[in-house]
Amino acid sequence: MKRFKIIFISCVALVVLYLGLMLAFKFKLIASPARKLDGIEDKAITFEELTIPEDVKVVGIGEATHGNCEFQTAKLEMLKKQVETGKCHSIAFEMSTGEAAEINDAIHSDDVDLRELMSRSNYPIYDTEQLVELLTWMRDYNRDKTYEESLMFYGVDMQGPYREIEYLIGFAEQHSDIIDESELELLRQMKTELDSDVYDTVESSKEFFESLRDRLSSEDTFECKNVSIIAESIVQWIAAPSFQEDSVAYGEHRDSSMAKNLKKEYELEVERGYSQIIITAHNGHVMKGDNKGYGEVAMGEHIMDEFHGSYFCVGTEFYNATVNIHTAGTFDEEYERADHDFCSDDRLAFQAQFFDGGRYVLDFTKLTKEDGKVYDLVHSPGMMGMVGEGHSDQVYIYKSYRQNLVQADRFDAVIYYYDVTPIRCLDY
C-alpha cells in the first residue's frame, strides 16, 4: 500500500511539473527570448512605411495561418497601399478560379449580397467579416469606375471543378455564339454528376476543356480570356497526380499551376493598363524556395521563374496565436472548426510587443550587416510559425506548426505580430 502511495504521489508530482512547465512556456517565464533586441526600433518600420519597388510585377502577402483576423486584414491593407500607386488594380487569392470569378462579378454589381455569397464559399476561412469588408471596399471603389478602371478579384487554385463548372454553365447560357447547345448540355450533365459525387464525365473530358480554353483565349474580350483560365484550371485538376498516392507530386503540381494561372491573370491586367498584381496565400505557398514540410517547390519560387524574379514577397509572423482551424477528418455535415493555441518562439516576433498595436515590419532588402543582431537573425536558420488547416494533436507532438528556415531567403519583408486573434466564420 505504501509503495502504491509513493507511486501515486510521484505521478501527481510529474503531472504538476508538466503543467507548470507548459504554463511557464505559455507565459514566457522560461525558455523564452525575453531579452529585447538592442536598437530594434531603428530597424523596424510601420506597415505604412513599407514601400514596394515600383518595377515589381507581383506582390505577395502571406498568412502564417489561415485562421487569424490580422492576416486577413493585412490583405486589404496591402491592396489599398498598392492601388494608391496606380500600378495595381487587382488581387488574386488562394481560391478556385470559378468561385473567384463569381466574386469578381459581385464586386462589379450591387445586385449580390456579399455576405450571402461568402456563406457559400468552398473555403470557410474566407467566410469572415474581414473578407466581406475587403470585398465591400472593392465594390465601393468600383461603383463610379469603368470596367477598365475597376478593381479585379482573381483566384489561382485548381483543387476542384465544382464552382468552375457552375460558372461555365452560366457563361454558356449567355454566350451561345461561343459555347454551343451540345457543349452546354455536356456541362449540365457534369454538374448533375458532380452533385452526386460522380466525376467520370469531367475526368474523361480533358480534351474538351483544352479546346474550350484555347477557343476562349483566342477571343478579343477580357471576359472570354478570363473564363479561359477557368477552363484551364479544370484541365489542371484533371491532370493532377493523386494526392493519396503521392502528396508531394500533387503539391508540386498545385503550386506550379497556381503560378501559371497568376501569370495569365497578370497578362490580363497588363492589357487593362496595370503593371502589377497582388497574390495572397498561406506563407507556405507565397514564400520563395522549397517547402520542406511537404517536399515540393513553393508557389513563390514558381512565381520567381514565371516572372523572371520580379516578385516582392511579404510574409506574416506571430509570437502568440489562438488560431481557428478545421478539425482534421471532419467534412460535410460533420465539419468542425476549433480554436488552438500556438507559440512560434520566434525572437523577432517577440519584439512586436514593444511597438504600437503589437506589430512592426522589417524590410529585409533594406537591412545590411551593419544592422548587427537583427541582420544576423533574419539571415540565420530559425523557427517561424507556419500553422496549416486540418488540425490534429500530432502538430504538437511533431511541432509541425513551426518551420526551420532563413526568413530573408524566403521573404523580402515580414510583418510581425505579438498576439493574433482567431477568425470567426459567419456560417460554419
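These numbers come from a predicted model, not from an experiment.

K.L.:
Would you mind showing me how to read the nonpolar core here?
P.N.:
Core analysis: the biggest nonpolar cluster contains 53 residues, and L135, M138, F153 and V314 have the highest contact counts within it. For this core, the elements supplying multiple residues, two or more each, are β1 (58-63), α3 (69-85), β2 (88-96), α4 (97-106), α5 (114-119), α6 (129-142), β7 (311-326) and β12 (413-420). Looking at which element gives the most residues to this core, the answer is α3, with seven residues. For M138, the residues in contact, after removing those within four places along its chain, are L79, I91, I107, L151, M152 and F153. Of all hydrophobic cores here, the second largest spans 47 residues; its members include A92, Y154, A259 and I277.

K.L.:
Whenever I open this one, the pairing of β2 confuses me. Can you help?
P.N.:
On a regular strand, one side chain projects to one face of the sheet and the next to the other, so that they alternate. Among the nine residues in β2, nine count as buried, and that is most of the element. Here β2 pairs with strand β4 (residues 276-282) via four bridges, running parallel. Bridging from a neighbouring strand, C88 pairs with Q276 of β4. Judged from the five bridges that link them, β2 and strand β3 (residues 152-157) form a sheet pairing that is parallel. Within the sheet, the bridge partner assigned to A92 lies in β3 and is Y154.

K.L.:
Would you mind showing me how to read the packing of helix α7 (residues 162-174) against helix α8 (residues 181-195) here?
P.N.:
In helix packing, the relevant descriptors are the interaxial angle and the interaxial distance, both defined with respect to the helix axes. For the pair α7 and α8, the least separation of the axes is 10 Å and the interaxial angle reads 150 degrees. Judged on the interaxial angle alone, α8 and α7 are roughly antiparallel. Where α7 crosses over α8, the two elements pack in a sense that is left-handed. When α7 is examined against α8, the residues Y162, I165, E166, L168, I169, A172 and E173 are found in contact with a partner set consisting of L184, L187, R188, M190, K191 and L194.

K.L.:
Would you explain the pattern of salt bridges in this entry?
P.N.:
Side chains that differ in sign of charge can pair as their charged atoms come close. Enumeration according to the criterion identifies 28 salt bridges in this entry. The partner of E99 in a salt bridge is R163, and the shortest N-O contact between them spans 3.6 Å. Of this pair, E99 sits in helix α4 while R163 sits in helix α7; the two residues are 64 residues apart in sequence, bridging distant segments of the chain. Summarising the burial analysis for this pair, E99 and R163 share the class buried. Each member of the salt-bridge network shares a partner with another, and the members are E99, E102, E116, R120, R163 and E166.

K.L.:
Mind showing me how you'd approach the packing of aromatic side chains here?
P.N.:
For any two aromatic rings, the description comes down to two numbers: the centre-to-centre distance and the angle of the planes. Per the stated rule, a full pass over the model turns up 20 aromatic pairs. Taking 6.2 Å as the distance between ring centres and 75 degrees as the angle between the ring planes, the aromatic pair formed by Y162 and Y199 counts as edge-to-face. Here the residue Y162 occupies a position in helix α7, and Y199 occupies one in the loop between α8 and α9 (200-203), the gap between them amounting to 37 residues. Overall, the relative accessible area of 34% leaves Y162 in the partly exposed class.

K.L.:
Honestly, helix α10 (residues 206-217) in this entry has me stumped. Any pointers?
P.N.:
Owing to its 3.6 residues per turn, the α-helix aligns residues three or four sequence positions apart on the same side. For α10, which comprises twelve residues, the first-to-last C-alpha distance of 16 Å matches the rise-based estimate of 16 Å (1.5 Å per residue) to within 8%. All buried positions along α10 are accounted for by F208, F209, L212 and L216. Across the axial projection of α10, the buried residues extend over an arc of 90 degrees, all falling on one side. In this structure, the buried side of α10 is in contact with α7, α8, α9 and α11 (222-239).

K.L.:
I tried to follow the environment of T421 on my own but got confused; where do I start?
P.N.:
Turning to its location among the elements, T421 is positioned in the segment after β12. With relative accessibility at 38%, the residue T421 sits in the partly exposed group. Residues T421 and E70, spaced 351 residues apart in sequence, show a C-alpha to C-alpha distance of 7.0 Å. A distance of 2.9 Å separates a polar atom in the side chain of T421 from a polar atom in the side chain of E70.

Rules used throughout
Residues numbered from 1 in each chain as written. Predicted model: local features only at pLDDT ≥ 70, side-chain atom pairs only at ≥ 80, totals over all residues. Heavy atoms only, no water. Core = buried A, V, L, I, M, F, W, Y, C linked by side-chain atoms within 4.5 Å. Buried < 20%, exposed > 50% of the residue type's maximum accessible area, 1.4 Å probe, protein only. Helix = DSSP H or I, 4+ residues; strand = E, 2+ residues; numbered from the N terminus. Contact = heavy atoms within 4.5 Å. Pairing = 2+ DSSP bridges. Axes fitted to C-alpha atoms, helices over the stretch in contact; angles between N-to-C directions. Parallel < 35°, antiparallel > 145°, perpendicular 65-115°, else oblique. Left-handed = near helix turned anticlockwise from the far one by under 90°. Salt bridge = Lys/Arg side-chain N within 4 Å of Asp/Glu carboxyl O. Phe/Tyr/Trp six-rings, centres within 6.5 Å; stacked < 30°, edge-to-face > 60°. Expected span 1.5 Å × (residues − 1). Arc of directions from axis to C-beta. Polar contact = N/O pair within 3.5 Å; in protein donor to acceptor, adjacent residues only side chain to side chain.

Purely geometric stuff here, so don't read any function into it on its own.
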